[in-house]
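In case you want the letters, here they are:
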Amino acid sequence: MHRFFVPPEAIQNGVVTFPENIARQISKVLRLQNGNRVIVLDGSTMEFQVKLEEVSTSLVKGYIIDQKLSSGEPSTKVHLYIALTQREKFEWILQKCTEVGVVSFTPVITSRCLIQNTAEVEGKYSRWKNIIREAAEQSHRGVVPTLNPVLEFGIIQKNPLNPGTLGLVFWEEERDFGLKKILTSNKGSEVNLIVGPEGGLSVGEAELAKKAGYESVSLGDRILRMETAAVVAAALVLYELG
């Protein structure tokens, strides 16, 4: 069944009134009809099976016939702090890491980022949120990951880790600590991951992250592209911690 995230207010007294953009998708793109069933999610980790009863290009309604807790959310919450890069790479990271299970994304400007001005990305947030939402629907997530405002890397030191949160900064110069070693000795329900840009984090930035409570780790002897590192890091953490 097709899956759609809707605002919580779209569900009232067991009836779902789909937003206009989703109504157009249901009627004109997917060509669903009265009686067809879909899955609706409101971001609360609950999913509702809905039977469509009114379908037009501007209005689609349905009523809830079943509901259950979504099984698509990992027990460990992974928050990804990812350096800004060219549009295609960044959007690919958002899509694939949503599929893997990341719960929030924070774009970060570092000294070696290709993008150094927040104004360059302000107009892209709507598109990025749509990419995340569509990936969450496709991968059977129970919630849509959050997309946070752009963060200057230096501000990380002013945002200390929450108690019980494991912070990891992936740095190609790290030689002593691999990811598996760190995860074996640290079990947490929330993990913050920092992945740098194509040119890597500077020594100063790695040290700054350490002062903020992050542990420097390596992904191995091979140097990965930043988009590969982001997906691999998130997948390995979720595999190890659930």
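Residues numbered from 1 in each chain as written. Predicted model: local features only at pLDDT ≥ 70, side-chain atom pairs only at ≥ 80, totals over all residues. Heavy atoms only, no water.

1. Regarding the confidence of the model for the protein chain
Right, on to step 1. Across the protein chain, the average pLDDT comes to 91, with 99% of residues at or above 70.
Right, on to step 2. Mean pLDDT values over the elements of the protein chain span from 81, in helix H4 (residues 179–185), up to 97, in strand S9 (residues 146–147). (pLDDT = per-residue confidence, 0-100. Helix = DSSP H or I, 4+ residues; strand = E, 2+ residues; numbered from the N terminus.)

2. Some remarks on the pattern of salt bridges
Right, on to step 1. Per the stated rule, a full pass over the model turns up 13 salt bridges.
Right, on to step 2. The salt bridge partner of lysine 89 is glutamate 198, with a shortest N-O separation of 3.4 Å. Highlighted residues: lysine 89 in helix H2 (residues 87–100) and glutamate 198 in the loop between strand S12 (190–195) and helix H5 (203–211), separated in sequence by 109 residues.
Right, on to step 3. Residue class for lysine 89 comes out buried when judged on its relative accessible area of 16%.
Right, on to step 4. Classification of glutamate 198 as partly exposed rests on a relative accessible area of 35%.
Right, on to step 5. With its nearest N and O atoms 3.4 Å apart, the salt bridge here joins lysine 210 to glutamate 207. With a gap of 3 residues between them, lysine 210 and glutamate 207 both fall in helix H5, about one helical turn apart.
Right, on to step 6. Since its relative accessible area comes to 31%, lysine 210 is described here as partly exposed.
Right, on to step 7. A cluster of three or more residues bridged by salt bridges with shared partners is formed by Arg87, Glu88, Glu91 and Arg127. (Salt bridge = Lys/Arg side-chain N within 4 Å of Asp/Glu carboxyl O. Buried < 20%, exposed > 50% of the residue type's maximum accessible area, 1.4 Å probe, protein only.)

3. Some points on the packing of H2 against helix H6 (residues 226–241)
Right, on to step 1. At a minimum axis separation of 9 Å, H2 and H6 run at an interaxial angle of 10°. In terms of orientation, H2 and H6 fall into the roughly parallel class. Together, Lys89, Trp92, Ile93, Lys96, Cys97 and Val100 of H2 and Met226, Glu227, Ala230, Val231, Ala234, Ala235 and Leu238 of H6 make up the contact between the two elements.
Right, on to step 2. Here the contact of H2 with H6 is built from residues that sort into 10 nonpolar, no polar and 3 charged. (Axes fitted to C-alpha atoms, helices over the stretch in contact; angles between N-to-C directions. Parallel < 35°, antiparallel > 145°, perpendicular 65-115°, else oblique. Contact = heavy atoms within 4.5 Å. Nonpolar A, V, L, I, M, F, W, Y, C, P; charged D, E, K, R; others polar.)

4. As for the packing of H2 against helix H3 (residues 125–138)
Right, on to step 1. It is at 8 Å that the axes of H2 and H3 come closest, and there the two elements cross at 30°. Like other packed secondary-structure pairs, H2 and H3 cross with a definite hand, here right-handed. Residues Arg87, Phe90, Glu91, Leu94, Gln95, Thr98 and Glu99 of H2 form the contact with H3, whose participating residues are Arg127, Trp128, Ile131, Ile132, Ala135, Ala136 and Gln138.
Right, on to step 2. When grouped by side-chain class, the residues that make up the contact of H2 with H3 number 7 nonpolar, 3 polar and 4 charged. (Left-handed = near helix turned anticlockwise from the far one by under 90°.)

5. Re H2
Right, on to step 1. With 14 residues, H2 should cover 20 Å at 1.5 Å per step; its first-to-last C-alpha distance of 20 Å lies within 8% of that length.
Right, on to step 2. Close packing links the buried residues of H2 with strand S7 (77–83), strand S8 (104–109), H3 and H6. (Expected span 1.5 Å × (residues − 1).)

6. Topic: the pairing of strand S11 (residues 165–170)
Right, on to step 1. Counting buried positions along S11 gives 6 out of 6 residues, so the element sits mostly inside the fold.
Right, on to step 2. Summarising the sheet, S11 and S12 pair through 6 bridges and their orientation is parallel. Following the sheet pairing, valine 169 is matched in S12 by isoleucine 194.
Right, on to step 3. Summarising the sheet, S11 and strand S13 (residues 215–217) pair through 3 bridges and their orientation is parallel. Looking across to S13, one finds that leucine 168 is bridged to glutamate 215. (Pairing = 2+ DSSP bridges.)

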